[in-house]
Amino acid sequence: MYAFDYDKPADLAGALAALKAEDAKALAGGQSLIPTLKQRLAQPSTLVDLKGLPELQGVSVDAASVTIGAAARHAAVAEHAEVVKAIPALAALAGKIGDPQVRNRGSLGGSLANNDPSACYPSAALALGATIKTDRREIGADAFFQGLYETALEEDELIVSVSFPIPEAAGYAKFVQPASRFALTAVFVAKFAAGVRVAVTGAGESGVFRHAALEQALTASFAPQAVEGVAVSADGLIEDLHGTPAYRANLIKVMAGRATAEALG
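Since the structure is predicted, the reported quantities are computational estimates derived from the model, not experimental observations. (Residues numbered from 1 in each chain as written. Predicted model: local features only at pLDDT ≥ 70, side-chain atom pairs only at ≥ 80, totals over all residues. Heavy atoms only, no water.)

Caption draft 1: A look at the packing of helix 5 (residues 88-95) against helix 8 (residues 121-128). Close contact between helix 5 and helix 8 brings their axes to 10 Å; oriented N to C, the two are set at 165 degrees. One way to sum up the angle between helix 5 and helix 8 is to call them roughly antiparallel. At the point where helix 5 passes helix 8, the crossing takes the right-handed sense. Here Leu-90, Leu-93 and Ala-94 of helix 5 come into contact with helix 8, specifically with Tyr-121, Ser-123 and Ala-124. By residue class, the composition of the contact of helix 5 with helix 8 is five nonpolar, one polar and no charged. (Axes fitted to C-alpha atoms, helices over the stretch in contact; angles between N-to-C directions. Helix = DSSP H or I, 4+ residues; strand = E, 2+ residues; numbered from the N terminus. Parallel < 35°, antiparallel > 145°, perpendicular 65-115°, else oblique. Left-handed = near helix turned anticlockwise from the far one by under 90°. Contact = heavy atoms within 4.5 Å. Nonpolar A, V, L, I, M, F, W, Y, C, P; charged D, E, K, R; others polar.)

Caption draft 2: Inspection of the pattern of salt bridges at higher detail. Applying the stated criterion to the full structure yields 11 salt bridges. Among the salt bridges present, the one from Lys-191 reaches Glu-168, with a minimum N-O distance of 2.6 Å. Here Lys-191 is found in strand 12 (residues 183-192), whereas its partner Glu-168 is found in the loop between strand 10 (159-165) and strand 11 (169-176), with 23 residues between them in sequence. Residue class for Glu-168 comes out exposed when judged on its relative accessible area of 51%. Residue Arg-210 pairs with Glu-215 through a salt bridge whose shortest N-O separation is 2.8 Å. Judged by relative accessible area, Glu-215 falls into the buried class, the value being 10%. Taken together, the salt bridges that share partners define one network made up of Lys-20, Asp-135, Arg-136 and Asp-156. (Salt bridge = Lys/Arg side-chain N within 4 Å of Asp/Glu carboxyl O. Buried < 20%, exposed > 50% of the residue type's maximum accessible area, 1.4 Å probe, protein only.)

Caption draft 3: Spatial organisation of the nonpolar core. Formed by 43 residues in total, the largest nonpolar core has its most connected members in Ile-68, Leu-112, Tyr-121, Phe-164 and Phe-188. Of all the elements, helix 8 adds the most residues to this core, at six residues. Listed in part, the 25 residues of the second largest apolar core include Val-196, Ala-249, Ala-256 and Ala-263. (Core = buried A, V, L, I, M, F, W, Y, C linked by side-chain atoms within 4.5 Å.)

Caption draft 4: Here's a closer look at unusual backbone geometry. Within the chain, Asp-23 stands out as a residue other than glycine whose phi angle is a positive 65 degrees. Within the fold, Asp-23 resides in the loop between helix 1 (12-18) and strand 2 (24-27). We note that Asn-115 has phi near 50 degrees; this positive angle belongs to a residue other than glycine. With respect to the helices, strands and loops of the structure, Asn-115 is situated in the loop between helix 7 (108-114) and helix 8. Exposure remark for Asn-115: the relative accessible area of 2% places this residue in the buried category.

Caption draft 5: Inspection of the sheet that holds strand 5 (residues 65-69) at higher detail. Pairing is antiparallel in the open sheet, where five strands are placed in the order 4-5-10-6-7. Looking at the sheet topology across the chains shown, the edges are occupied by strand 4 (59-61) and strand 7 (138-140). Neighbour to neighbour, the strand axes of the sheet diverge by 20 degrees on average, direction disregarded. Two strands pair when backbone bridges link them, and strand 5 and strand 10 are joined in this way by five bridges, in the antiparallel orientation. Each residue of the ladder has a partner; that of Val-66, found in strand 10, is Phe-164. (Pairing = 2+ DSSP bridges.)

Caption draft 6: How the structure looks around the sheet that holds strand 1 (residues 5-7). Overall, parallel pairing links the three strands, which are arranged 1-3-2 in an open sheet. Here the strands that pair on one side only, and so sit at the sheet edges, are strand 1 and strand 2. Each strand axis lies, on average, 25 degrees off the axis of its neighbour in the sheet, ignoring direction. Two strands pair when backbone bridges link them, and strand 1 and strand 3 (residues 46-49) are joined in this way by three bridges, in the parallel orientation. Residue pairing across strands places Asp-7 opposite Val-48, the latter belonging to strand 3.

Shown next, in the form of structure tokens:
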């Protein structure tokens, strides 16, 4: 690692002020940032620790949505009784992220801001049509994710909380890459009165994306069998040592069926 200063502000205002320093970087759970520093792929002047900021904490649930503070750890989301009751698929997703160390250190806001193409949370946010609330505005999930590790966030903008609309039913199916525990391919399916939203992670060259054909098929018939007739193109999918685009295209179809079955209980 390179040398850097460490700042632990007491509140959000202090964190935002600290991030205005040249080359300052926010530190959430550190599960992506710390390995990057170890590999000397980043050289921030200051790490601004967001852990413990009161404005980034808490979970609230009402009849329409679940709102989770950006600093919420994956393990806390997975175990939160109200989240489990309102959106069980979201709690289940959080419980499948990484290993116990990652789940007890990684945060919701950090995962969304990093937007790793194989991360789990972006698929939940996109499929559920979440609203990402920052220190200065609200951003819908469809506009938030903008490509590989790219989001709509400005350089010094911080996620404060995320509001997830409560669906009629939802499910998440993940084909795990065993070494990293990231998704080799995973699908989140969410059924609303207006239709079904389907988000895919781990497969797209540009990161998380919605799949229109699967959405149409599942809106017409919300059943695992509905995906069987859908043609899933391999265009734009990842090719690496773990699988070809065609392999991932098949996984999208299989995971969509499993996620739908999970949503139906």
